[in-house]
Amino acid sequence: MADASLYERLGGYEGIAREKQLLIDFLSSAAGGPMYYTGRDMATSHKGMGIDEDDWARMVGHLSATLEKFQVPEREKGEVLGFIDSTKAEIVEAG
């Protein structure tokens, strides 16, 4: 029997949609919105992924570019980047 597809291993539509919803809930909650994040903490969620400083810098670069593209005002952009930076210690693995 062939290995299951990545789609199937991720839980199919429901699994993928749940991951997207968890990200939305996490960011909304962190930004002071009414959502309640019920997922795992950042350290548990990213453990073993081997995320290093270079990966982190690329992600922050993409995030900054996205905020720029959508013309997010500087104050809000700074707050988003500040919040994201506060999660770095839980996500980046010392290498």
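In case you missed it, the structure is sitting above this.
Description of the structure in this document. These figures come from a predicted structure and were not determined experimentally.

Turning next to helix α2 (residues 12-30). Helix length check: α2 (19 residues) gives 27 Å between terminal C-alpha atoms against 27 Å at 1.5 Å per residue, within 8%. Within α2, burial applies to Gly-12, Gly-15, Leu-22, Asp-25 and Phe-26. The arc that holds every buried residue of α2, seen down its axis, measures 100°, which confines them to one face. α2 presents Tyr-13, Lys-20 and Leu-23 as exposed residues on the side facing more than 90 degrees away from its buried surface. Packing partners of the buried residues in α2 comprise α1 (6-9), α3 (42-46) and α5 (74-86). Gly-32 occupies a position one or two residues after α2 and carries a positive phi of about 90°.

Attention shifts here to helix α4 (residues 53-69). The terminal C-alpha atoms of α4, which comprises 17 residues, lie 24 Å apart, in line with the 24 Å expected from a rise of 1.5 Å per residue. Lining the buried residues of α4 we find α5 and α6 (88-91). The N-cap of α4, judged by a side-chain oxygen 3.1 Å from the amide nitrogen of Asp-54 a few residues on, is Asp-52. Within two residues after α4, Gln-71 carries a phi angle of roughly 50°, on the positive side.

This paragraph deals with the nonpolar core. Residues Leu-22, Phe-26, Tyr-37, Met-42, Ile-51, Trp-56, Leu-63, Leu-67, Ile-84, Ile-91 and Val-92 constitute the largest nonpolar core, which totals 11 residues. Mapped by element, the contributors of at least two residues to this core are α2 and α4. In terms of residue count, α4 provides more of this core than any other element does, three residues in total.

Let us now look at the packing of aromatic side chains. The description of an aromatic ring pair rests on the distance of the ring centres and on the angle between the ring planes. Under the criterion given, the structure shown has two aromatic pairs. Relative to Tyr-37, the ring of Phe-26 lies with its centre 4.9 Å away and its plane at 70°, an arrangement referred to as edge-to-face. Taken together, the residues Phe-26 in helix α2 and Tyr-37 in the loop between α2 and α3 connect sequence positions 11 residues apart. What makes Tyr-37 buried here is its relative accessible area of 19%. When the ring of Phe-26 is compared with that of Phe-83, the centres are 5.6 Å apart and the planes differ by 50°; the resulting orientation is tilted. Here the residue Phe-26 occupies a position in helix α2, and Phe-83 occupies one in helix α5, the gap between them amounting to 57 residues. For Phe-26, a relative accessible area of 16% corresponds to the buried category. Three or more aromatic residues link up through ring pairs in this structure, and these residues are Phe-26, Tyr-37 and Phe-83.

Analysis parameters
- Residues numbered from 1 in each chain as written.
- Predicted model: local features only at pLDDT ≥ 70, side-chain atom pairs only at ≥ 80, totals over all residues.
- Heavy atoms only, no water.
- Helix = DSSP H or I, 4+ residues; strand = E, 2+ residues; numbered from the N terminus.
- Expected span 1.5 Å × (residues − 1).
- Buried < 20%, exposed > 50% of the residue type's maximum accessible area, 1.4 Å probe, protein only.
- Arc of directions from axis to C-beta.
- Contact = heavy atoms within 4.5 Å.
- Polar contact = N/O pair within 3.5 Å; in protein donor to acceptor, adjacent residues only side chain to side chain.
- Core = buried A, V, L, I, M, F, W, Y, C linked by side-chain atoms within 4.5 Å.
- Phe/Tyr/Trp six-rings, centres within 6.5 Å; stacked < 30°, edge-to-face > 60°.

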